[in-house]
Amino acid sequence: MAEAHERECAVCTNDFTTPKILPCGHLLCRECLISWMDSGPDAGCPLCRCPIVKQSDGSSSDTVDALPTDFVMEALVESARVLSKDHLCCVCEDVRADFICMQCQDMMCSACTKVHKKMSVSRSHDVESVSTVTPERLAASRPALCADHGDKQAEFFCRKHRLAVCSACKANKHKDCPETNHLDNEIKSVQNSLIDLTKILVEAEQNLEQAIGQLTSRLQEVDVSEQEDMAQVDKACDRLQGMVEDVRNKLKDKTRISHLQIRNSLRDVKTTLSNRLGKVTSHKHIVTRAAAVSPRPALIHMTQALTDRINSLDLSANLQGEVVVKPLSSVECLEEAVRVIEQEILILKQEKTESEVNFYYFDYL
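Quick caveat: nothing in here was measured; it's all calculated off a predicted structure.

The rules behind the values
- Residues numbered from 1 in each chain as written.
- Predicted model: local features only at pLDDT ≥ 70, side-chain atom pairs only at ≥ 80, totals over all residues.
- Heavy atoms only, no water.
- Helix = DSSP H or I, 4+ residues; strand = E, 2+ residues; numbered from the N terminus.
- Buried < 20%, exposed > 50% of the residue type's maximum accessible area, 1.4 Å probe, protein only.
- Contact = heavy atoms within 4.5 Å.
- Areas by Shrake-Rupley, 256 points an atom, 1.4 Å probe, with all protein chains shown as cover.
- Arc of directions from axis to C-beta.
- Pairing = 2+ DSSP bridges.
- Axes fitted to C-alpha atoms, helices over the stretch in contact; angles between N-to-C directions.
- Salt bridge = Lys/Arg side-chain N within 4 Å of Asp/Glu carboxyl O.
- 1 Å grid on protein atoms, 1.4 Å probe; cavity = no way out; pocket = protein on both sides within 12 Å on 5 of 7 lines; lining within 4 Å.
- Points joined across faces, edges and corners; volume = space filled by probe spheres on them.
- Nonpolar A, V, L, I, M, F, W, Y, C, P; charged D, E, K, R; others polar.
- Domains from an automatic or database assignment.

With that settled, the discussion passes to the overall build of the chain. Looking only at helices and strands, the chain features 10 helices and 8 strands. Looking at the chain residue by residue over its 365 residues, the buried ones come to 39%. By sequence separation, contacts in the chain at least 24 residues apart represent 60% of the contacts at least 6 residues apart. For the chain, the accessible area works out to roughly 20,500 Å², and carbon and sulfur atoms hold 49% of it.

All buried positions along helix 4 (residues 110-118) are accounted for by Cys112, Thr113 and His116. For helix 4, the arc enclosing every buried residue in end-on projection is 105°, short of the 170-degree limit, so these residues lie on one face. Turned more than 90 degrees off the buried face of helix 4, the exposed positions are Ala111, Lys114 and Lys118. Of the surrounding elements, those touching the buried residues of helix 4 are strand 3 (99-101), strand 4 (107-108) and strand 5 (127-129).

Our next topic: the sheet that holds strand 4. Taken together, the 3 strands give an open sheet; going across it, the order is 4-3-5, and neighbouring strands pair in antiparallel fashion. Two strands close off the open sheet at either side, each with one partner strand: strand 4 and strand 5. Pairing of strand 3 with strand 5, which is carried by 3 bridges, proceeds in the antiparallel orientation. Within strand 5, the residue paired with phenylalanine 99 across the bridge is serine 129.

Spatially, 7-6-8 is the arrangement adopted by the 3 strands of the open sheet, whose pairing is antiparallel. The open sheet has two edge strands, strand 7 (163-165) and strand 8 (180-182), and neither has a second partner. On average, each strand axis in the sheet is tilted by 30° relative to the strand beside it, whichever way the strands run.

Before going further, it helps to examine unusual backbone geometry. A positive phi angle is found at threonine 13, which is not glycine, with a value near 60°. On the secondary structure map, threonine 13 appears in the segment before strand 1 (19-21).

One can find isoleucine 34 in helix 1 (residues 30-38). On the accessibility criterion, isoleucine 34 (11% relative accessible area) is buried. Between the alpha carbons of isoleucine 34 and serine 61 there is a distance of 5.8 Å; along the sequence they are 27 residues apart. In contact with isoleucine 34, not counting residues within four places along its chain, are Ser60, Ser61 and Val64.

Taken as a whole and assessed by the stated rule, the structure comprises 13 salt bridges. The partner of arginine 289 in a salt bridge is aspartate 70, and the shortest N-O contact between them spans 2.9 Å. Note that arginine 289 is positioned in helix 8 (residues 245-293) and aspartate 70 in the loop between helix 2 (60-66) and helix 3 (71-84), a separation of 219 residues in sequence. You can call aspartate 70 buried: its relative accessible area is 0%. A single network of salt bridges, built from pairs that share partners, joins Arg30, Glu31 and Asp65.

In this structure, the largest pocket encloses a volume near 510 Å³. Lining the largest pocket are 21 residues, and of these Glu6, Leu27, Met73, His285 and Arg289 sit closest to its centre. A total of 7 residues in the lining of the largest pocket trace back to one element, the largest contributor, which is helix 8. Split into classes, the residues belonging to the lining of the largest pocket amount to 11 nonpolar, 6 polar and 4 charged. Counting contributing residues, the lining of the largest pocket receives three or more from each of domain 1 (1-69) and domain 2 (197-351).

So, to be careful, I would describe these as geometric facts and stop short of saying anything about function.
Now the structure itself:
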């Protein structure tokens, strides 16, 4: 169930108005997103800073309008708004309403509820206690109405125009449209698509979490490897006592830089995968919410957009490429450095010179 804060825009902190789905999966009001993009040339998502690529030859409004609308969230916001109103009977007006019709979305007192259940046009409606109804359930119970006749039940869906229509519209305005299917069949097809999308996103989420976990383990191994190599550096330099203090510092710096490069590389990969996980998780929430709520026309409108978006997330990319990189050990290089330094010291002793010695250290790391 969507919490109240999940229905709020991060920019205006009010309930969403025409919520747009950003490339990262976060939602913003249409007008808020246009204002946010106009505030700076490289304005990304205010929640995760993910870039919002503008249309090459269009304005911010063109870019925003090209983004899919979350019709399910729009229905949830409207349902929550209905439930937040004063619980007064829509007929009596000054009498407390304890019930709500899930189809009409009108609140009624007990007396009016009995009448509502006896009327031929509403006797089949579901009337429930207001205290038990959630925005999700209310949104899911909304009747599918004709796009042209708002007061008529939609029975068909025109794929060409992407509209839910009544039988009269099908026989007239849409009689020449190649594909006008029964709405129930279209809903079932879309629900199956949402199930498939959910499976894809769940698998991608699991793979990304596993890859990030492996990167975390590799980072820990890098820390351990650095400590071990530092100990070897200390051991090697102690053999040369104070005469090779400058060599000790060079070896430590070399080891530190080497592991820093590996650590930075792994962190970059982890950050990239975390960003991808954020996108996958956000889109999974959207698809899961859409599958659970399923307001019929809204579900059809946004399924193709969600499918295209998820196909563009590059979920099949190799997640193991950088995870298996093993830090290079500097132990052998340290031993070689010690051997070279010991030979250099031996030569100096044999020469028994009291002149100033120019000590050259050749970098074998």
